[in-house]
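Listed below are the residues making up each chain.
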Amino acid sequence: MNKVMSDKWFITLYILPAMLLLGILIFIPLILTGYYGLMRWDGIGSMEFIGLTNYINVIQDGVFWRSAGHSFLLALFSTLSLIIYLAVAMILASKIKGSDFLRKIYLIPMLLSSVAIAQLWIKIYNPSNGMLNEILRGLGVQNPPLWLADPNIVLYSIFVPILWQYAGFYILIYYAALKGIPESIVEAAKIDGATPVQIAFKIKLPLIMGVVKVTVVLAIIGSLKYFDLIWVMTGGGPNGASEVMASYMYKLAFANNNFGYGSAVAFMLLLITLLVTLVVRKLTADKEEIQY
Amino acid sequence: MVKMKAISSFAALAALGLVAAGCGGSDDANVEGSNGGDSGESATVEFMHLWPQGSSAEHHRIVNEIIEDFEAENSNITIDMQVLSNEQYKDQMTVLSSSNQLPDVGMTWAAGYLDPFVNGNQFAPLNELLEEEGLRDDFVAGTLEAYEKDGETYGLPLELNTVYVYYNQAIFDEHGLEAPETYDELEEVINTLDENNVEPIALGNRDRWTGSMWYMYFADRIGGEDALNSAIDRSGSFEDPALVEAAAKVQELVQNDSFVSGFNGLADEEAKSMFMNDQAAMYMIATWDLPNYTTNEDVPQEFRDNVGYFKFPTVDGEGDKDSFVGGPGVGLFVSENSDVQDEAKQFASYFVNEWGERAVSEAGVIPATVVDGEELELPDMYVEVLEDLNQATNLTLYADVQMSASVAQTHLDLIQSLFGLEITPEEFAERHEEALSQE
């Protein structure tokens, strides 16, 4: 059997189905998107080849870069919030009462669909009879903020539910990683007189660093291509104040009937995400992985 | 371990097989349809509409009844129906048309929405159908025109909507107010309501077309019925002083706290629910909402009894109150690439005919076909609206529908900024000119 598995032909045969699926569903559409970006195309009629015009326009498109800025801001916030998730996971993983119960509660937002979450938060943010402003008024605030209507704060208003939505996911990952640390190491540290803070920073954190890096990459990529909550809650408005790259792309293709330009934006989104992923991986690359 | 891998790759293979089988399935269906059309024995007409049972129960039921009747009368034709909700429907249209797979009969919007489909030869021309069946005379004047391009008609309109301001009679009575006839009176009403801590006007401007209707009415009253139309078709300009003045009036309303707080972040549905829960006194919407104020049993009787409406007031003594913003809603198209085009056309004309009467009496839709309101038992508000339609001097089609898709998006975004006081009326005009000149 081992002989079979070292035969290149058999290896090829075995990975072929997965490769085909990936190819058909992901790589070919990717290439096609890049190709459509070279066209003037309304999505319905015939295409007209216009070279790199669309791509040049994207690079000079202020709206695109403003949206990209919003996406990067979301990436920054997502990454920073990982610290909070990690802290919560550490507390849960140390044997406190009801940690099992709390873990499940944190996971609930993950189980809701984005549209349900969006509707929930739209209600909370409602300027006149939403929960949040009712509370603020109860506390004596005269003119509570117009959370989703004020261009200056709308972006941050949407970040809150987005971060809330993924909290459970990251906490779960960190929790699992922390549970994987052998008890004996922590015991040994305790015997040597390490404080809980020292144990957290000097023992636990370095041991799960690999997982932390993965979550950083996940958070950044997820943020850069984020779409659903923003689309449902504001549609990118008011007047582009909460537009992100993905919602801009969607608008161009489906609302403006400009598939050529939309494809070019989509391809730029891909390039940016790839580039950022490479940079993040480079920055977090470690010569030696710490082993138990 | 080796065995596990073998099993999982087998599973992957099997999954691939399923995908392939899925593709094959839909191919078969198409072949079947075309065979049926050629032989003339039996045909399947695919029909796609946007009235799901959940959100448009009455519409949905009437459509089903019409299909049943049609199939009973034409036993050789089967209607294969697909239902999607509004936004998904639009997406689906784009996706299907890009792969030449539009249903044989479906629904489309007028004017600007139609353009790419007509240019891409996706919709069948319907003039012949309109002439030979004498169908043309059935439509209310001005509705078919919205579906025309270069003298050829590409859609059979089903609905006709005009925009009114609805108001809550109980709130008006409580503060001793009456439906305003002029803009000055409207301002007084708003001031009185504000003084009494009542939100005057519900507006969900996240959807942007809602705000556009306010702007359009000001444009119509101040600049006359042609000002906006000619600015859009380029025989005029958005920098026309009347149109700039209209934009300024919008901002005046905003500055007077006329609209509910945070309107730029509210969806139309949210604004509507504020109006229907007595949280705001007025609400501008088209007649497609009439059932909510008349026949819809889900809305409390007390509220329905309390709703009145008024025509948009004259502004500074100018404007014609019988000039309306509105237009046909959706219409039927027949696919140019349909294998069963004759049957599809037959179904479309049958549908339009049947729709007219049933729509108004059962679903509360004002149809685009001529209906004799006197013979039907209709709520008063309907009779009045039908009368208003007879007296209407002008119907201005929604600006975002008149414009091409990308200009419409610019217009809608600018509307949001205008209402948000982020740009001046002059900038508003200038940016429209910019967008239109790039066309």
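Residues numbered from 1 in each chain as written. Chains lettered and ligands numbered in written order. Predicted model: local features only at pLDDT ≥ 70, side-chain atom pairs only at ≥ 80, totals over all residues. Heavy atoms only, no water.

Under an unreviewed UniProt entry, chain B has the name ABC transporter substrate-binding protein and belongs to Alteribacter lacisalsi.

Put simply, the test is: UniProt positions are given in the numbering used here, feature names are shortened, and annotations may be inferred rather than shown by experiment.
Going by an unreviewed UniProt entry, chain A carries the name ABC transporter permease and comes from Alteribacter lacisalsi. Of chain A, the UniProt comment under Sequence similarities (unreviewed entry) reads exactly: "Belongs to the binding-protein-dependent transport system permease family." Word for word, the UniProt comment on chain A under Subcellular location (unreviewed entry) is "Cell membrane".

**Let's talk about the nonpolar core**
Let me state the cut-off plainly: In plain words, nonpolar cores are sets of buried Ala, Val, Leu, Ile, Met, Phe, Trp, Tyr and Cys residues tied together by side-chain atoms within 4.5 Å. Partly exposed describes any residue whose relative accessible area lies between the buried limit of under 20% and the exposed limit of over 50%, with all areas from a 1.4 Å probe on protein chains only and scaled to the type maximum. Elements are defined by DSSP. Helices are runs of H or I of four residues or more, strands are runs of E of two residues or more, and each kind is numbered from the N terminus. Boundary definitions for the domains trace back to an automatic or database domain assignment. Contact criterion: two residues are considered in contact whenever any of their non-hydrogen atoms come within 4.5 Å of each other.
In this structure, W214(B) and M282(B) are the most contacted members of the largest nonpolar core, which totals 145 residues. Per-element tally for this core: the top contributor is helix α14 (residues 341-363) of chain B, with 10 residues. The residues that make up this core include at least three from each of domain 1 (44-160 + 328-389) and domain 2 (161-325 + 397-437) of chain B. Contact partners of W214(B), with chain neighbours within four places excluded, come to V165(B), I201(B), L203(B), L253(B), F259(B), M284(B), F312(B) and F419(B). Formed by 46 residues, the second largest nonpolar core is a distinct cluster that contains A89(A), A177(A), M245(A) and V265(A).

**Quick word on the confidence of the model for chain A**
For clarity, the cut-off: Scored from 0 to 100, pLDDT reflects the predictor's confidence in each residue.
Of the residues in chain A, 96% have a pLDDT of 70 or more, and the chain-wide mean is 89. Put simply, helix α1 (residues 2-5) of chain A is where chain A has its lowest mean pLDDT, 66, and helix α4 (residues 62-93) of chain A is where it has its highest, 94.

**Details of helix α18 (residues 425-437) of chain B**
Residue and element names in this part refer to chain B. Threshold: Multiply 1.5 Å by the residue count of a helix minus one, and that product is the helix's expected span. Arc, as used here, means the arc of the directions from the helix axis to the C-beta atoms.
The end-to-end C-alpha separation of α18 is 18 Å, in line with the 18 Å expected for 13 residues at 1.5 Å each. For α18, every residue scored as buried is listed here: P425, F428, A429, H432, E433, A435 and L436. Viewed along the axis of α18, the buried residues span an arc of 165 degrees, placing them on a single side of the element. Those residues of α18 that are buried are in contact with α8 (209-223), α9 (227-232), α10 (241-255) and α17 (405-419).

**Description of the confidence of the model for chain B**
Any residue range with low pLDDT should be treated as having predicted coordinates unsuitable for detailed reading. All names here are of chain B. Of the residues in chain B, 90% reach a pLDDT of 70 or more, and the chain-wide mean stands at 85. Ignoring residues within four places in sequence, the model shows residues 1-39, a span with pLDDT below 50, making 20 contacts including any to other chains. The ipTM value of the predicted complex is 0.81, and its pTM value is 0.81.

**Concerning the UniProt feature "domain: ABC transmembrane type-1" (unreviewed entry) in chain A**
The feature "domain: ABC transmembrane type-1" (unreviewed entry), as given by UniProt, occupies residues 68-280 of chain A in the numbering adopted here. Regarding residues 68-280 of chain A, the helix share stands at 76% and the strand share at 0%, and the terminal C-alpha atoms are separated by 17 Å.

**Quick notes on the pattern of salt bridges**
Close approach of charged atoms allows side chains of opposite charge to pair. Residue and element names in this part refer to chain B. Where we set the bar: Salt bridges are defined by distance alone: a side-chain nitrogen of Lys or Arg within 4 Å of a carboxyl oxygen of Asp or Glu.
Under the defined criterion, the tally for this structure stands at 26 salt bridges over all chains. With its nearest N and O atoms 2.8 Å apart, the salt bridge here joins D322 to K311. In this pair, D322 is assigned in the loop between β10 (307-310) and β11 (323-328) and K311 in the loop between β10 and β11, connecting sequence segments 11 residues apart. With a relative accessible area of 17%, K311 lands in the buried category. Here E354 and R358 are joined by a salt bridge, their closest N and O atoms 2.9 Å apart. Of the two residues, E354 and R358 are both situated in helix α14; the distance of 4 residues between them amounts to about one turn of the helix. Here the salt bridges do not stand alone but share partners, grouping E58, R61, E65, D69, E354, R358 and E362 into one network.

**Considerations on the side chain of S338(B)**
Residue and element names in this part refer to chain B. Inclusion rule: Here a polar contact means two N or O atoms within 3.5 Å. Within protein one must be a hydrogen donor candidate and the other an acceptor candidate, and residues neighboring in sequence count only if both atoms are side-chain atoms.
Topologically, S338 is positioned in the loop between β12 (331-334) and α14. For S338, a relative accessible area of 12% translates into the label buried. Among the polar contacts made by the side chain of S338, one reaches the side chain of D104 at a distance of 2.8 Å.

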